[in-house]
Amino acid sequence: MSHLPDKLSHPFVVLLSILCTAPLVRTREPVVRIGGGEDSPTLRGTLVNLDNSDTELVPVEKYLGIPYAEPPTGMYRFKQAKLQAPKWTGERNATRFGPACMQAVRKTTMTTPSWTRQQVASMQPYLQTLNEDCLFLNIYRPINKDGTEMRNRTVMVFIHGGWWSTGTGAMYNGTILASYGKVIVVTFNYRLGIFGKVTFSFMY
C-alpha cells in the first residue's frame, strides 16, 4: 500500500500524486493510501493488463470517480467550485465512474442524420446517472510490466468537449493513451448548462 507525505495538502496535488507512488498491492484492485498516516484514507482501483504481445503497451492502474471539490449543491449550487482534500475515511471504491453532471439527454428519430444518431448513441451509456453532485475525476496511471513504479511521468489532463452543455469525463477512456504514451491521464467532470454557465459568469 502506497503512502504520500502529509505536506501534499492541495486537493489536486494530493489526488494526482497518488499515482506518483506505486501501491504495494499488485492485484486486479490495487490500493493506494492518501497521506502518510496509518489512518489516512485509501483508494481501491483496477489493474488493467493489455496485450502482452505488443511491447509498447504496459499495464495501467485506473482510479475512477474521485471527488475533487465540495458537492455543488445547496448554498454552493451556483457558486465557484470549492476544491476539497479527501474527506472519506477508510477505503473508497474507485473502480466505478461517478455520475455525470446534469444535462439534457438528447434523443433521435429516424429523420435524424446518421452521424448525429451515432454520436448520441455513443454518449447514452455514460449518461444513465445524472446528478448535481458530479465533480469527480478519473486517473489512469501506467506501471512497468513487472509491476514496479514508472517514475517521473507526464500528467495529461483532458477537458471533454460539448459546448458547456453535454458530456462527461467518463466518455474518454485514458487506458490506451496512458499505456502507449507512458503518461498519467486525467479526465474529469465539470458543471454544464445553466449550472456551468452561471458559475462561469460569476468567476469573471
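Residues numbered from 1 in each chain as written. Predicted model: local features only at pLDDT ≥ 70, side-chain atom pairs only at ≥ 80, totals over all residues. Heavy atoms only, no water.

Applicable threshold: UniProt positions are given in the numbering used here, feature names are shortened, and annotations may be inferred rather than shown by experiment.
By the naming in an unreviewed UniProt entry, the protein chain goes by Neuroligin-4, Y-linked-like and is assigned to Branchiostoma belcheri. On record in UniProt, under Sequence similarities (unreviewed entry), the comment for the protein chain is "Belongs to the type-B carboxylesterase/lipase family."

## A word on the pattern of salt bridges
The test is simple: Each salt bridge in this description consists of a side-chain nitrogen of Lys or Arg and a carboxyl oxygen of Asp or Glu lying within 4 Å of one another. Starting at the N terminus, helices and strands are each numbered in turn, a helix being any DSSP run of H or I of at least four residues and a strand any DSSP run of E of at least two. Partly exposed residues are those whose accessible area sits between 20% and 50% of the maximum for their type, while under 20% is buried and over 50% is exposed, using a 1.4 Å probe and protein chains only.
All chains considered together, the criterion is met by six salt bridges. Measuring nitrogen to oxygen at the nearest pair gives 2.5 Å for the salt bridge that ties E70 to K87. On the criterion of sequence distance, the pair formed by E70 in the loop between β4 (60-67) and β5 (91-93) and K87 in the loop between β4 and β5 is long-range, its members being 17 residues apart. On the accessibility criterion, E70 (17% relative accessible area) is buried. The class for K87 is exposed, based on a relative accessible area of 53%. Several salt bridges converge on common partners, so that one network encompasses E29, R44 and E91.

## Some thoughts on the nonpolar core
Stated precisely, the cut-off is as follows: We define the nonpolar core as a collection of buried residues of types Ala, Val, Leu, Ile, Met, Phe, Trp, Tyr and Cys that are connected through side-chain atoms lying within 4.5 Å of one another.
Core analysis: the largest hydrophobic core is formed by 19 residues, its most contacted members being L43, Y63, I66, Y68, L137 and I139. Looking at this core, the elements with two or more residues in it are β4, β6 (136-142) and β8 (184-188). In terms of residue count, the dominant contributor to this core is β8 (three residues). With six residues, the next largest nonpolar core counts V60, Y140, A178 and V185 among its residues.

## Concerning the environment of I194
Within the secondary structure, I194 is located in helix α4 (residues 193-203). Residue class for I194 comes out exposed when judged on its relative accessible area of 52%. For the pair formed by I194 and S165, sequence separation is 29 residues and the distance between their alpha carbons is 8.3 Å.

## A closer look at the side chain of R141
Among the secondary structure elements, R141 is positioned in strand β6. On the basis of relative accessibility, which here comes to 2%, the residue R141 falls in the buried class.

## Here's the deal with the packing of aromatic side chains
Note the following rule: Pairing of aromatic rings covers Phe, Tyr and Trp, the last through its six-membered ring, and needs centres within 6.5 Å; plane angles under 30 degrees mean stacked, over 60 mean edge-to-face, and all others mean tilted.
The final tally for this structure, using the stated rule, is four aromatic pairs. Between the aromatic rings of Y68 and F188, the centroid separation amounts to 6.1 Å while the plane-to-plane angle is 90°, which identifies the pairing as edge-to-face. You can see Y68 sitting in the loop between β4 and β5 and its partner F188 sitting in strand β8, a full 120 residues away along the chain. In this structure F188 comes out as buried when scored by relative accessible area, which is 19%.

## Notes on the sheet that holds strand β7 (residues 155-158)
Put simply, the test is: By the convention used here, strands pair only if DSSP detects at least 2 bridges between them. Axis lines are fitted to C-alpha atoms, over the contacting stretch for helices. Their N-to-C directions set the angle, which ranges from 0 to 180 degrees.
With mixed pairing, the five strands of this open sheet are ordered in space as β3-β4-β6-β8-β7. Edge positions in the open sheet fall to β3 (46-48) and β7, since each of these has one partner strand only. Between one strand axis and the next, the sheet turns through 20° on average, direction left out of account. As paired strands, β4 and β6 are joined by six bridges and run antiparallel to one another. Directly across from E61, in β6, lies its bridge partner R141.

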